[in-house]
Amino acid sequence: MRKVFLPVLILLLGLSGCSSFFEGGLVVGAPTVQVARENFSLTFERDQNGNVVAYNYAYTLLLYPLPGSGRGYVVLLDESGNPVEAPFTFSEPCLAQAQSCPPVSRTISKSSASPLAPTQVVSYRTVSLGGQAKVVRLPAPIEVY
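Nothing here was measured: the structure is a model prediction, and the numbers come from that model.

Engineer: Sorry if this is basic, but what is going on with the environment of Ala-36 here?
Structural biologist: Take Ala-36: it is sitting in strand β3 (residues 33-46). With 69 residues separating them along the chain, Ala-36 and Ser-105 place their C-alpha atoms 9.5 Å apart. Every residue in contact with Ala-36, bar those within four places of it in the chain, is listed here: Thr-60, Leu-61, Leu-62, Tyr-64 and Ile-142.

Here is the structure:
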């Protein structure tokens, strides 16, 4: 029994370094991330009478790969499971022991004639290079426009 336990334990520990453990299953080699929105700004364009004619939104989405995170892509999802932005690609694994891997970021700019209602990002779909996919719920929603 002891001879079997040690190799199995070593195998599980090795997989944990290159896999993403989530509630409901295991996806090997997929990105695992923390999501943040930074640098939010809202500006207005006005006509000669002072009326607002455009609402301009800008913000940056940052996806921080966690230690042991693999390669693949991540799609942010709203409360209905619909994609919010184009996929974020992770071309390199995060092999660091601490959260020192650089984030993947994207600056978003939107303009509208009327105020935009915020959209809540509540989860993300992580997909490994091998095609395995898993939906991961965020600890707290991220508001985007």
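Engineer: I tried to follow the state of the cysteines on my own but got confused; where do I start?
Structural biologist: Here, the word disulfide means a covalent bond between the sulfur atoms of two cysteines. One pass over the full model with this rule turns up one disulfide. Note that Cys-94 is cross-linked by a disulfide to Cys-101, the S-S spacing being 2.0 Å. Since a negative S-S torsion denotes a left-handed disulfide, the Cys-94-Cys-101 link at about 90 degrees is right-handed. For Cys-94, a relative accessible area of 1% translates into the label buried.

Engineer: When you look at the sheet that holds strand β6 (residues 88-90) in this model, what are you seeing that I'm missing?
Structural biologist: Paired through their backbone hydrogen bonds, the strands of a sheet run either parallel or antiparallel. The strand order across the open sheet built from four strands is β6-β5-β8-β9, with neighbouring strands paired in antiparallel fashion. Of all strands in the sheet, those with a lone pairing partner are β6 and β9 (133-144), marking the two edges. Sheet twist, expressed as the average angle between the axes of neighbouring strands with direction ignored, equals 25 degrees. With seven bridges connecting them, strand β5 (residues 72-78) and strand β8 (residues 119-128) associate as antiparallel partners. The residue bridging Val-74 from the neighbouring strand is Thr-126, located in β8.

Engineer: So what exactly am I meant to see when it comes to the sheet that holds β3 here?
Structural biologist: A sheet is described by the order of its strands in space; here three strands give the open sequence β3-β4-β7, paired in antiparallel fashion. Of all the strands in the sheet, just β3 and β7 (104-112) have a single pairing partner and so form its edges. Along the sheet, successive strands turn relative to each other by an average axial angle of 15 degrees, direction set aside. When strand β4 (residues 52-65) meets β7, the two strands line up antiparallel, connected through nine bridges. Bridging across to β7, Asn-56 finds its partner in Ser-111.

Rules used in this analysis
Residues numbered from 1 in each chain as written. Predicted model: local features only at pLDDT ≥ 70, side-chain atom pairs only at ≥ 80, totals over all residues. Heavy atoms only, no water. Helix = DSSP H or I, 4+ residues; strand = E, 2+ residues; numbered from the N terminus. Contact = heavy atoms within 4.5 Å. Disulfide = S-S within 2.5 Å. Buried < 20%, exposed > 50% of the residue type's maximum accessible area, 1.4 Å probe, protein only. Pairing = 2+ DSSP bridges. Axes fitted to C-alpha atoms, helices over the stretch in contact; angles between N-to-C directions.

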